[in-house]
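Results of the structural survey
Listed below, chain by chain, are the residues.
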Amino acid sequence: METFQEAALQMLKEFRALLQHSPMPLNCNRFLQLLALNMFAIDSTQLKDPQLKFSSGYRSELQERALIISLQMFNLILERSISLLNEHSKLFPDSLEKLTMNSVSQDFHMLLPALKIWCDWMLCHSIVWNPPPSTQDYKIGPAGDVWTRLASIMNILEKFDKSIATSFVSEPREGYELIRLPEDAVLCGFTPLMYNDHSPTYAPQDIEPEIAQFALRLSKVHFFGTVFLYGLEEPVIKLEIYNGVREYISVVSTSANKDSPPSPVELIDDDDLLVESFSEDEGVEDDISSSHENTSAEIQYLLNRKVELEKRQRTQELHRQRVQKILQQSVVSVHIEIRPKILVPDTNCFIDYIAKIKTIVDAHVYTLMVPLVVLNELEGLARGGKGPAPSTRPTTDSQHVLKVAESAKRALDYLGNRHNNIKCVTTKGTTLATFTFTVEEDSPSDSSLRNDDKILATCLMLCKNNKDQIMEGTDADGSIHSADRKDFVGEPRKLFREVVLLTEDRNLRVKALARDLPVRELPDFLQWAGLG
């Protein structure tokens, strides 16, 4: 942490230098990746105490740093976006009222999805960034913080032609098509954006998809600044009106704002309009009368925004409650009673633990079912073939290959002695009287299965064929009878297992547990059975 600020400042300088290039050296997806990294850094450094984590104003030191750097990167993106839009207004002073997708530079198109995505994150994580942290120690570039630039870009967006966005609807209609934003598809399922409102938006079919996407992005960014930030309990952006001119300004208390001269105009609330005091000779009566003419329209405008904001907040709160309810559920869905009688070892058990397998067989308590695929693998290893699982030793280690081959030969010799409690079994659960056959003809559905999957299939068929494992209301493989399904809704399934898979293969263990199949490592099972 001693060098964090220095490294962060250097990174921000390089990021700002990169943004100044034209054409933009990064594509949209790369900007989304950078912002996703920032979201993850903020989310993964939050406080562990749930009472503090969901309390506004409490952040860990690491989360504070991650939030500052993320806001500063967003600030630099805003700075470049405003610069591009201002350049456009200078070149085409009459075009802001009818801004179209083709009238702005390609660089702004690269930045707009990133602007929209970060606004989405801030909208559903206000408890994380509000109250805003101080970013004075990480200032890069000209004066201005993220909040003043958010206000500035809102003032620019206020001048845009909103006729396209007003034609959007939230429900499917004839002649309308769903607007799909690529950035939403890229980050779909990303945990920090879990609470983001994904209500569908439909546009008339006569509007080109790219134009509809552009208008939707602008409307979402505009909503975030002028409705959400404006409507917070402690607003971040306020609206002031002077001589009929509307302007958004930042009201975040920072040292930079404190040093700046106070505005001569007071801020407007929902039901109050305060104007600047002028001397009598400046025509104060005319200013007041003209301002009051705009009051009722302004109040109606703000009331409409309030209704829209409350609707969005209710939707997000319901979504958050549903997610929390799912996450907090800790209901046991399966009860498994295990009384092991049948043991199914994989190939590595015979290679590494042949002595322990002999101990199990000599106990005459358990029946050892050897899958046919295991015999096939043992024969391949005995001829010097590759092992069934990745080994930490290089494949060119001839001594290791010879050692495995010898172990495989010993295992085959032991299995050829025809012990009464050792049987060979196929993937269909058929028990063979001899170990002579090691090749099984695969059905079309089994031809693509790996050997591990065939071992698992053998175990599941043994479970299904073992009639002692059927319990009331369930099949042998654990599925509930369709006739009895209504009686078991909300209740845990009850399974009885006599088959245990012995393996150290992590992937195979996970697959077995997912199918409610008991699985243990062979040394652990011996210790549990008291045979160690």
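Just so we're clear, the structure is a prediction, and the values are computed from it rather than from any experiment.

Quick word on the overall build of the protein
Summing up its helical and strand segments, the protein has 19 helices and 10 strands in all. Burial statistics for the protein: of 532 residues in total, 42% are counted as buried. Look at the contacts in the protein between residues 6 or more apart in sequence, and 74% of them connect residues 24 or more apart. Accessible area for the protein stands at about 29700 Å²; split by element, carbon and sulfur atoms hold 51% of it.

Observations regarding the pairing of strand S3 (residues 237-242)
Of all 6 residues making up S3, 5 are buried, and the element is well covered by its neighbours. Looking at chain direction, S3 and strand S4 (residues 245-250) are connected through 6 bridges and run antiparallel. The partner of Leu239 across the bridge, within S4, is Tyr248. Counted along the chain from S3 to the antiparallel partner S4, the turn is 2 residues long, and its residue Asn243 has a positive phi close to 55 degrees.

Some words on the packing of helix H14 (residues 354-363) against helix H19 (residues 522-529)
It is at 11 Å that the axes of H14 and H19 come closest, and there the two elements cross at 35 degrees. Crossing of H14 over H19 shows left-handed handedness. Residue-level inspection shows Lys356, Ile357 and Ile360 of H14 in contact with H19, the latter providing Leu522, Pro523 and Leu526. Counted by class, the contact of H14 with H19 contains 5 nonpolar, no polar and 1 charged residues.

What to know about the pairing of strand S6 (residues 367-371)
The two faces of the sheet receive side chains in turn, since in a regular strand these alternate between them. Extensive coverage of S6 is indicated by the burial of 4 of its 5 residues. One ladder, built from 2 bridges, connects strand S5 (residues 334-345) with S6; its direction is parallel. Paired with Leu343 across the bridge in S6 is Leu368. Sheet topology places S6 next to strand S7 (residues 422-425); 4 bridges connect them, and they run parallel. Of the residues in S7, the one forming a bridge with Val370 is Cys424.

Structural notes on helix H5 (residues 106-124)
The terminal C-alpha atoms of H5, which comprises 19 residues, lie 29 Å apart, in line with the 27 Å expected from a rise of 1.5 Å per residue. With 18 of its 19 residues buried, H5 lies for the most part within the structure.

As for helix H7 (residues 146-158)
With 13 residues, H7 should cover 18 Å at 1.5 Å per step; its first-to-last C-alpha distance of 18 Å lies within 8% of that length. Buried residues dominate H7, accounting for 10 of its 13 residues. If you check which residues of H7 are buried, you get Val146, Trp147, Arg149, Leu150, Ala151, Ile153, Met154, Asn155, Ile156 and Leu157.

Some thoughts on the nonpolar core
Ranked by internal contacts, the top residues of the largest apolar core, which has 71 residues, are Trp121, Trp129 and Leu150. Sorting elements by how many residues they give to this core places helix H4 (residues 61-91) first, with 13 residues. Excluding its chain neighbours within four sequence positions, the residues that come into contact with Leu150 are Phe74, Leu78, Phe224, Leu229 and Ile237. Tyr366, Val374, Leu415 and Ile422 belong to the second largest nonpolar core, which has 48 residues in total.

Looking at the sheet that holds S6
A sheet is described by the order of its strands in space; here 6 strands give the open sequence S8-S7-S6-S5-S9-S10, paired in mixed fashion. Each of the sheet's edge strands pairs with one partner strand only, and the pair in question is strand S8 (431-432) and strand S10 (519-520). Here S7 runs beside S8; their pairing, made up of 2 bridges, is antiparallel. Directly across from Cys424, in S8, lies its bridge partner Leu432. In this fold helix H15 (residues 372-382) packs onto S5, S6, S7 and S8, with an angle of close to 65 degrees to the strand it touches most, S6.

Observations concerning the confidence of the model for the protein
Scored by pLDDT, the protein has a mean of 79; 75% of the residues are at 70 or more. Here helix H11 (residues 255-259) stands out as the element of the protein with the lowest mean pLDDT, 40, in contrast to helix H1 (residues 4-19), whose mean of 95 is the highest. The model gives residues 389-395 a pLDDT under 50, and that stretch makes 5 contacts with residues more than four places away or in other chains.

Regarding the pattern of salt bridges
This structure, assessed with the given rule, holds 11 salt bridges. The partner of Arg59 in a salt bridge is Glu64, with the nearest N and O atoms 2.6 Å apart. The closest approach of N and O atoms between Lys341 and Glu498, which form a salt bridge, is 3.6 Å. Here Lys341 is found in strand S5, whereas its partner Glu498 is found in strand S9 (residues 493-502), with 157 residues between them in sequence. In this structure Lys341 comes out as partly exposed when scored by relative accessible area, which is 45%. A relative accessible area of 5% places Glu498 in the buried class. Each of Lys116, Asp120 and Asp184 takes part in a single network of salt bridges with overlapping partners.

Rules used in this analysis
Residues numbered from 1 in each chain as written. Predicted model: local features only at pLDDT ≥ 70, side-chain atom pairs only at ≥ 80, totals over all residues. Heavy atoms only, no water. Helix = DSSP H or I, 4+ residues; strand = E, 2+ residues; numbered from the N terminus. Buried < 20%, exposed > 50% of the residue type's maximum accessible area, 1.4 Å probe, protein only. Contact = heavy atoms within 4.5 Å. Areas by Shrake-Rupley, 256 points an atom, 1.4 Å probe, with all protein chains shown as cover. Pairing = 2+ DSSP bridges. Axes fitted to C-alpha atoms, helices over the stretch in contact; angles between N-to-C directions. Left-handed = near helix turned anticlockwise from the far one by under 90°. Nonpolar A, V, L, I, M, F, W, Y, C, P; charged D, E, K, R; others polar. Expected span 1.5 Å × (residues − 1). Core = buried A, V, L, I, M, F, W, Y, C linked by side-chain atoms within 4.5 Å. pLDDT = per-residue confidence, 0-100. Salt bridge = Lys/Arg side-chain N within 4 Å of Asp/Glu carboxyl O.

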